[in-house]
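# Understanding the architecture of this molecule
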Amino acid sequence: MTLYYRDDAVQVTSEAIHAGGHVVALADVTYVWHARGATTLAVRGRVLGRGVLILLLSLPPLVALVCVLSLAWAAQDRGDWKLALVILAAFVVVGLALTPFLEVPLGWLDRSYERGNRVHELWVQHHGREVLLLRTPDALRFGQIYRAVQRAVEQQGDRR
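Residues numbered from 1 in each chain as written. Predicted model: local features only at pLDDT ≥ 70, side-chain atom pairs only at ≥ 80, totals over all residues. Heavy atoms only, no water.

### So, the environment of alanine 38
Considering the arrangement of structural elements, one finds alanine 38 in the loop between strand 5 (29-37) and helix 1 (41-78). Note on alanine 38: relative accessible area 54%, which makes it exposed. Taking the C-alpha atoms as reference, alanine 38 lies 8.7 Å from histidine 120; in sequence the two are 82 residues apart. The contact partners of alanine 38, leaving out residues within four places of it in the chain, are Val119 and Arg135. (Helix = DSSP H or I, 4+ residues; strand = E, 2+ residues; numbered from the N terminus. Buried < 20%, exposed > 50% of the residue type's maximum accessible area, 1.4 Å probe, protein only. Contact = heavy atoms within 4.5 Å.)

### Thoughts on the sheet that holds strand 1 (residues 3-6)
Here four strands make up an open sheet; going across it, the order is 1-2-3-4 and the pairing antiparallel. Looking at which strands have only one partner, the edges of the open sheet turn out to be strand 1 and strand 4 (22-25). When the angles between neighbouring strand axes are averaged without regard to direction, this sheet yields 5°. (Pairing = 2+ DSSP bridges. Axes fitted to C-alpha atoms, helices over the stretch in contact; angles between N-to-C directions.)

### Topic: the nonpolar core
By size, the foremost hydrophobic cluster in this structure holds 21 residues, and its most contacted members are Val12 and Leu122. Every element with two or more residues in this core is listed here: strand 1, strand 2 (10-13), strand 3 (16-19), strand 5, strand 6 (119-126), strand 7 (129-136) and helix 4 (139-159). The biggest single contributor to this core is helix 4, with six residues. Valine 12 has contacts with Thr2, Leu3, Tyr4, Tyr5, Ile17, Ala148, Val149 and Ala152, leaving out every residue within four places of it along the chain. (Core = buried A, V, L, I, M, F, W, Y, C linked by side-chain atoms within 4.5 Å.)

### Quick notes on the pattern of salt bridges
Scanning the entire structure with this criterion turns up three salt bridges. Between glutamate 154 and arginine 147 there is a salt bridge whose closest N-O contact spans 3.9 Å. Residue classification places glutamate 154 among the partly exposed positions, given a relative accessible area of 43%. (Salt bridge = Lys/Arg side-chain N within 4 Å of Asp/Glu carboxyl O.)

Put into structure tokens, the structure is as follows:
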């Protein structure tokens, strides 16, 4: 028996698929497909959170740009470029010092995109019936499971 995928809720082997309380023998599977399910509150929250995070990451550079432009405008009016350059250098130093702290929110944003923005469903035709095996909003996990099922079904077809 070959193990293609396993986590705490799904197991795909060369003999069967265990998911959602169903145990489906691969020999009895005639067709496998995926579909897009109805959006859940968790997915909507993820998309909203992603938007808020992008807004929060975009605001400081925009505020800094407005400050630099207004500083340059004021320095031009007064002819005092020395103070403007000192303040600009302080902005650059503070910005560079804070850059490593962007790793955490950018990691959150990256994981948000990996998990996707829709619900995925895995269906099989088993003994002439359509059976929903898996419904998940996690795109990365769904892709791994779907590919494991594809490999298991392909290997099953090669044995026939």
